[in-house]
Amino acid sequence: MRRLVNQYFQYNQRFLTTTLNFETLNNVSEVLKYGEHKLGYQREVNELHLSRMVHTLKETNDILSPTSIILGVNSYDIEKCLEELAITADIDLYSQENLLLLDTGKIDFKFRIVDGQHRIAAFNKLLSDPTIEEEKKENLMHNYLFNIVIVVLEEKNRIDEVEIFRAINSKAKPLKTDLAMLAKYKYEIYFKKRDIDLVEHIKTRIIFILNENEMQYDIPYWVNGIKVEVNDKQALGSIAFKAFGDSINKIVKQYVNKRKEKFETLLEEDFEGIDNELNHSATELIKELLLPAWDTIFEKWPESFKETKSIQLMEVEKTYYNKNYYIQQTMGVKSLHGLLSDIYLETNNVVETIHEFKELIKKSSLTSADWEKNGKMKGLSSEAGFKIIREMIKN
């Protein structure tokens, strides 16, 4: 099959646009899911959202969405499938525009689905339903056309694909994009970007593991507690991604410096070796330092936490932060992690750090009421204020 394609540019980014029926689209595209593919950045489909789409397809003739399916592709793959088109008609084209032919028979690779995963999944689920009439299936397979926008990328610039995904889903739709942020850091490693900041990489993994409760902790104090998209007013979280990352910066830096020889040569390893070591480092810091510290904080000031269930993105989500207390907001986190950092920098030993931190917190005269908003700590929202809070904890 040869399809008419319009090629155009936005600044230096090259795009192709065409239409494909579902059968062709499904055969030539795939979803890169985080955890299943080393360059994956997509989540699993939202089952409630998916079921609603399937219902629409099954019971009505309404269109699911008029917006384009967006695909990503490497330039060296798509070039072998494109042909110049001899134009005989009088057509006005912009200077940054050109008409080509796409030969789908030459496609021996998979386009990467950037946007449209749920629509494609809904079609697949409906078409696998044995109760659907064959006539309807045939119509959906061959006559339902999708407008396609293809983002053409150089292999070394594939990180731009993740940025496009985040831009679409953080602004236009209520989808969590924390996996895409983590994937972006992994792309830096895979494509061996210069000046990789290993401290930033470990911090990002720590935040993701805590936010997602990847370690299946019994009381996940930080599940959904760190806000990745700070401009999304509907997003869950009591502290911004950057603020939490800043609060553990000294801890992670000390951890890396202590293992200087290992980390100095780490980037010489392959992707899997680097990825595994960074995951191990993040997990070790959480398991041996951060979670034991927050166990102690929870035991000392339990009223400052509150288990809450809410509907978010059509799913029930749990949180443990209490909006009426500073303890899991920037003021509390930077003060408490600052205290933990000071001890760790002094002892350079995780076991000793936790022992001293526990003793200090247990002996503190502060109560849960002291952490209440607009109370004793009101106005202490600067670095100088955090230092005052640390002294308050000690006394």
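What you see is a predicted model; the values in this text were computed from it and never measured.

A pair can form between side chains of opposite charge whenever their charged atoms are brought close. Counted according to the given criterion, the structure contains 24 salt bridges. Two residues, R259 and E284, come together in a salt bridge whose shortest N-O distance is 3.9 Å. Remark: E284 occurs in helix α12 (residues 271–300) and R259 occurs in the loop between α10 (249–258) and α11 (260–266); sequence separation between them is 25 residues. A residue is classified by how much of its surface remains accessible, and R259, at 21% relative accessible area, is partly exposed.

Here we take up the sheet that holds strand β6 (residues 97–103). Strand order across the open sheet formed by eight strands is β3-β7-β4-β8-β2-β1-β6-β5, with mixed pairing between neighbours. Edge positions in the sheet fall to β3 (29–30) and β5 (82–84), since each of these pairs with one other strand and no more. Bridge count for strand β4 (residues 69–74) against strand β8 (residues 145–153) is six bridges, and the pairing is parallel. Within the sheet, the bridge partner assigned to I70 lies in β8 and is V149. Set on the sheet, helix α4 (residues 117–127) makes contact with β3, β4, β7 (111–115) and β8; between it and β7 the angle comes to about 110 degrees.

We now examine α4. Of all eleven residues that make up α4, eight are buried, and the element is covered over most of its length. Of all the positions in α4, only Q117, H118, R119, I120, A122, F123, L126 and L127 are classed as buried.

This part is about the packing of aromatic side chains. If you walk through the whole model with that rule in mind, you get 21 aromatic pairs. Ring plane angle 50 degrees and centroid distance 6.4 Å describe the contact between F22 and F146, whose orientation is recorded as tilted. Here the residue F22 occupies a position in helix α1 (residues 22–28), and F146 occupies one in strand β8, the gap between them amounting to 124 residues. Using a relative accessible area of 0% as the deciding quantity, one classes F22 as buried. Residue classification places F146 among the buried residues on the basis of a relative accessible area of 5%. An aromatic cluster of at least three residues, connected via ring pairs, comprises Y217, Y221, W222, F244, W294, F298 and F305. Its guanidinium or amino end placed over the ring of Y255, R259 lies 3.7 Å from that ring's centre, counting from NZ or CZ.

This paragraph deals with a nonpolar patch on the surface. Taken together, the side chains of I87, I91 and L93 make up a nonpolar region of the molecular surface, amounting to roughly 230 Å² of accessible area. Tracing the sequence through the fold places I91 in the loop between β5 and β6. Taking relative accessible area as the criterion, I91 reaches 42% and is therefore assigned partly exposed.

Before going further, it helps to spend a moment on the pairing of β6. Here β6 lies mainly inside the structure; five of its seven residues are buried. Here strand β1 (residues 2–10) pairs with β6 via seven bridges, running antiparallel. Residue pairing in the sheet places R3 in a bridge with L102 of β6. Inspection of the sheet shows β5 paired to β6 by three bridges, in the antiparallel sense. Note that in β6 the partner of E84 across the bridge is L100.

A few words on the environment of L102. Position of L102 among the secondary structure elements: in strand β6. Looking at L102, the relative accessible area reads 2%, which means it is buried. In the structure, L102 is positioned 110 residues away from E212 in sequence and 41 Å away in space, judged by C-alpha atoms.

For the rest of this paragraph, the subject is the environment of N213. Mapping N213 onto the fold places it in the loop between α8 (198–212) and β9 (226–227). Distance from N213 to K362, taken between C-alpha atoms, is 26 Å for residues 149 residues apart in sequence. Beyond its immediate chain neighbours, meaning those up to four positions away, N213 contacts P220 and V223. Only 2.9 Å separates the side chain of N213 from the backbone nitrogen of Y217, close enough to count as a polar contact.

Turning our eyes to something else, we now look at a negative patch on the surface. Where like charges cluster on the molecular surface, the negative patch consists of E268, E269, D270 and E272. Topologically, E268 is positioned in the loop between α11 and α12. What makes E268 exposed here is its relative accessible area of 68%.

Among the nonpolar cores identified, the biggest contains 81 residues, and I206 and W371 are the most heavily contacted of them. In terms of residue count, α12 provides more of this core than any other element does, twelve residues in total. Residue contacts for I206: discarding those within four places in its chain leaves I248, V252, A282, L285, I286 and L290.

All right, on to the packing of α8 against α12 then. Packing of α8 against α12 brings their axes to within 9 Å, and their N-to-C directions diverge by 60 degrees. Overall, the two elements α8 and α12 adopt an arrangement that is oblique. Taken as a pair, α8 and α12 cross one another with a handedness that is right-handed. Note on element contacts: α12 touches α8 through D275, L278, N279, S281, A282, T283, L285, I286, L290 and L291, opposite L198, H201, I202, R205, I206, I209 and L210. By residue class, the composition of the contact of α8 with α12 is eleven nonpolar, four polar and two charged.

Basis of the calculations
- Residues numbered from 1 in each chain as written.
- Predicted model: local features only at pLDDT ≥ 70, side-chain atom pairs only at ≥ 80, totals over all residues.
- Heavy atoms only, no water.
- Salt bridge = Lys/Arg side-chain N within 4 Å of Asp/Glu carboxyl O.
- Helix = DSSP H or I, 4+ residues; strand = E, 2+ residues; numbered from the N terminus.
- Buried < 20%, exposed > 50% of the residue type's maximum accessible area, 1.4 Å probe, protein only.
- Pairing = 2+ DSSP bridges.
- Contact = heavy atoms within 4.5 Å.
- Axes fitted to C-alpha atoms, helices over the stretch in contact; angles between N-to-C directions.
- Phe/Tyr/Trp six-rings, centres within 6.5 Å; stacked < 30°, edge-to-face > 60°.
- Lys NZ or Arg CZ within 6 Å of the ring centre and 35° of its normal.
- Patch = residues over 30% accessible without salt bridge, like charges linked within 9 Å, V, L, I, M, F, W, Y side chains within 5 Å.
- Areas by Shrake-Rupley, 256 points an atom, 1.4 Å probe, with all protein chains shown as cover.
- Polar contact = N/O pair within 3.5 Å; in protein donor to acceptor, adjacent residues only side chain to side chain.
- Lys, Arg positive; Asp, Glu negative; His and termini not counted.
- Charge placed at Lys NZ, Arg CZ, Asp CG, Glu CD.
- Core = buried A, V, L, I, M, F, W, Y, C linked by side-chain atoms within 4.5 Å.
- Parallel < 35°, antiparallel > 145°, perpendicular 65-115°, else oblique.
- Left-handed = near helix turned anticlockwise from the far one by under 90°.
- Nonpolar A, V, L, I, M, F, W, Y, C, P; charged D, E, K, R; others polar.

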